[in-house]
Amino acid sequence: MRRLFLTFSCSVLSCVAHAHDVPAEKPPAVTFDSRISPVVSEAGMVVAQDAIAAEVGRDILAQGGNAVDAAVATGFALAVTHPQAGNLGGGGFMMVSLYDENGDGDVIAIDFREMAPASATRDMFLGEDGEVDRDVSWYSHQSAGVPGTVMGLLDALETYGTMDRKEVMAPAIRLADNGFPVSYSLSASFLEYKDTLANDPSSMDYFFKPDGELYVVGDVLKQKHLAGTLRRISSKGRVGFYGGKTADLIVAEMADGGGLITHNDLENYETVIREPVSGNYRGYEVYSMPPPSSGGIHIVQMLGVLEGYDLRSDGHNSAAYLHKLIEVMRRAYADRSKHLGDPDFYDVPVKELTGEAYAKKLREDIDLKKASRSSDIAPATHFADEQPATTHYSVMDKWGNAVSVTYTLNFSYGSGHSVDGAGFLLNNEMDDFSSKPGVPNYYGLIGAEANAIEPRKRPLSSMSPTIVRNKDGLNVLVTGSIGGSTIITQTLQVILNVVEFDMNVQAAVQAPRMHHQWLPDLVFVEPGINIDTVRILESMGHSISREDDGAVTRNINGRANSIAWDGLYFYGAADGRDPKGAAKGN
Ligand code: DON
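Since this is a predicted model, take the numbers as computed values, not measurements.

Colleague: Provide a residue-level description of the domain arrangement of the protein, including the pertinent values.
Modeller: Domains assigned within the protein are domain 1 (4-272 + 389-451) and domain 2 (294-388 + 485-570). Between domain 1 and domain 2, the C-alpha centre-to-centre distance is 26 Å. Listed per partner, the contact involves 57 residues of domain 1 and 39 residues of domain 2. Between the two partners, domain 1 and domain 2, sit zero salt bridges.

Colleague: Account for the sheet that holds strand β4 (residues 107-112), with residues named and values stated.
Modeller: Reading across the sheet, the seven strands line up as β7-β4-β3-β11-β10-β2-β18 and stay open at both edges, with antiparallel pairing between neighbours. Only two strands of the sheet have a single partner each, and these edge strands are β7 (272-274) and β18 (582-585). Looking at each pair of strands side by side, their axes are set apart by 15° on average, direction ignored. Two elements, β4 and β7, share three bridges in a ladder whose sense is antiparallel. Each residue of the ladder has a partner; that of A109, found in β7, is R274.

Colleague: Any chance you could break down empty space enclosed by the protein for me, citing the residues and the numbers?
Modeller: This model, assessed by the stated rule, comprises four cavities of 30 Å³ or more. Its boundaries defined by the atoms lining it, the largest cavity holds a volume of some 190 Å³. Surrounding the largest cavity, 22 residues form its lining, D432, Y443, L445, L460 and S462 being those nearest its centre. Taken together, the residues of the lining of the largest cavity break down into seven nonpolar, 11 polar and four charged. When residues of the lining of the largest cavity are sorted by domain, at least three fall in each of domain 1 (4-272 + 389-451) and domain 2 (294-388 + 485-570). In this structure, the second largest cavity encloses a volume near 70 Å³.

Colleague: Break down the nonpolar core for me, with residues and values.
Modeller: Side chains of a nonpolar character, in soluble globular proteins, are inclined to be buried together. Ranked by internal contacts, the top residues of the largest apolar core, which has 85 residues, are L325, L496 and M514. Here this core takes nine residues from helix α16 (residues 319-339), the largest share from any one element. Each of domain 1 (4-272 + 389-451) and domain 2 (294-388 + 485-570) gives at least three residues to this core. Setting aside residues up to four positions removed in sequence, M514 forms contacts with L322, L325, I326, M329, T489, Q493, V523, F524, V525, I529 and I556. Among the nonpolar cores identified, the runner-up in size contains 77 residues, and V56, L175, V182 and F208 belong to it.

Colleague: Help me get a handle on the packing of aromatic side chains, residues and values and all.
Modeller: In total, this model carries 19 aromatic pairs according to the counting rule given. Of note, K26 hangs over the ring of Y569, and the distance from its end group to the ring centre comes to 4.5 Å. For K324, the ring lying beneath its charged end belongs to Y309, and the centroid distance is 5.3 Å.

Colleague: Tell me about the packing of helix α14 (residues 295-306) against helix α19 (residues 487-499), residues and numbers included.
Modeller: Relative orientation of the contacting elements α14 and α19 amounts to 45°, with a least axis distance of 10 Å. Taken together, α14 and α19 sit at an angle that is classed as oblique. As α14 packs across α19, the resulting crossing turns out to be right-handed. Seen from α14, the contacting residues are G295, H298, I299, M302, L303 and L306; seen from α19, they are I488, T491, L492, I495 and L496. Class assignment of the residues belonging to the contact of α14 with α19 gives a composition of eight nonpolar, three polar and no charged.

Colleague: Describe a negative patch on the surface, with residues and values.
Modeller: Where like charges cluster on the molecular surface, the negative patch consists of D100, E101, D104, D106 and E275. On the basis of relative accessibility, which here comes to 64%, the residue D106 falls in the exposed class.

About the cut-offs
Residues numbered from 1 in each chain as written. Predicted model: local features only at pLDDT ≥ 70, side-chain atom pairs only at ≥ 80, totals over all residues. Heavy atoms only, no water. Domains from an automatic or database assignment. Contact = heavy atoms within 4.5 Å. Salt bridge = Lys/Arg side-chain N within 4 Å of Asp/Glu carboxyl O. Pairing = 2+ DSSP bridges. Helix = DSSP H or I, 4+ residues; strand = E, 2+ residues; numbered from the N terminus. Axes fitted to C-alpha atoms, helices over the stretch in contact; angles between N-to-C directions. 1 Å grid on protein atoms, 1.4 Å probe; cavity = no way out; pocket = protein on both sides within 12 Å on 5 of 7 lines; lining within 4 Å. Points joined across faces, edges and corners; volume = space filled by probe spheres on them. Nonpolar A, V, L, I, M, F, W, Y, C, P; charged D, E, K, R; others polar. Core = buried A, V, L, I, M, F, W, Y, C linked by side-chain atoms within 4.5 Å. Buried < 20%, exposed > 50% of the residue type's maximum accessible area, 1.4 Å probe, protein only. Phe/Tyr/Trp six-rings, centres within 6.5 Å; stacked < 30°, edge-to-face > 60°. Lys NZ or Arg CZ within 6 Å of the ring centre and 35° of its normal. Parallel < 35°, antiparallel > 145°, perpendicular 65-115°, else oblique. Left-handed = near helix turned anticlockwise from the far one by under 90°. Patch = residues over 30% accessible without salt bridge, like charges linked within 9 Å, V, L, I, M, F, W, Y side chains within 5 Å. Areas by Shrake-Rupley, 256 points an atom, 1.4 Å probe, with all protein chains shown as cover. Lys, Arg positive; Asp, Glu negative; His and termini not counted. Charge placed at Lys NZ, Arg CZ, Asp CG, Glu CD.

The structure is reproduced here in structure tokens:
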């Protein structure tokens, strides 16, 4: 019996009616005996990496908005209060599950990933020596793809929301205009990234005091230029960003810094509605982001292989369990390097990779007693220090509709360059392309033809916003994470923790996680995974990433802000890996 979902057994419709019509008969929320409990609410929930932005979304729900209205309001608010990853100048993905009056409704995927500018070329990041020039692919204006966030949020609102653009954008404009109190976490982040931001006078102007001093806890950060841009979007819609003054400022910034984005690129940006990748795992239907994300394919692929094992008897985070995860991850990421890219440019074999026959083949290849070795293709020596640089948030409304959003600038604060006069940072997402076959990107990920740079192509992503439905069609889990290449494996583990190990959603999010990505052939484990288990894995032949002093201290740096729903109550879990996150319910 699954604890989370045992408070009802009914159709979607009757449960949804139950949830708000008959409180007198309503059983109490599930109380957890775990040491970690989620936040419980009855009329909707927003879980985000920043408490102020989560409150913005929650208030929109309280005003009668649906999950999409709240998600759009939260997205714009995060661009103000969580500037390291919340953004106007980046891109991302949104999964939407809305029920109609019959309790039906498909899950759809909105792709607002950045696009390569029309003048981008395959070798644009190669220096004269033929090697990838990291300074250019990470920190230059050329590293910016054409931003998709504003188009994505506005398209989502128009197509699936119920509220007016001005209403949902008002809180973000207010926060930018009047300012908000800087948290410890934000102040620490400004300090950590001061060197990156210091390369750009407007970034310094936007995120540091006029004398260059740091904003400390409780200082009020106002962003007038950003407020101006938000106001233009609020009054003019897409044209307020992709045309007019904002577009002029972006193009002027490109001219100044040697970037590629033109007026034409901005005018031609488009979001794409895509069919999610989905797969069934133990009776639950898992919907996740299709290409140009690699997340959905590999989550479904890995679940398909794992379903053939009795993981519950292995036990959560036991060596037997982790060995299977590692072997499955190793194979999935090997496939990623070859087969994944923008589906509008490259024929991604979605069905083959996620099919049962291939899952069986992979399972047959796994030795349950011994670690296999990653391929002998030159392994990446570089595995980036993860940056909490993307942001994931989950929203559910009182009707049970769900929205799962991951969006990003790529690095924390993107390339560090802001659009002067417009108040927002530029992404450095072009580094997610494979700049040279076989050469790892920042996240140690290798790629080739499928993910080569081409004009108007979208770089391959790992962002994996996910919605899980039970057999009655209820949206029982909304999840996803940040963490570059580790997003896929972290999201996988949250799903397994809930579905396979019956954890409440907060316990599922807090549980220590691990990561393997084929190359480098190393297992990254978070503190909290038992050191005896780590030693057993080593005795099976796995190489565990350890610090110089031998300690296993790697923090994989996820922020898997998630919501579970049992048809009656919403259970919100902000990932405790960032104290700034919050679950806010009505
Ligand atoms: O799209 C991707 O896969 C990366 N640009 C995401 C970067 C990221 O998650 C950074 N860290 N949290």
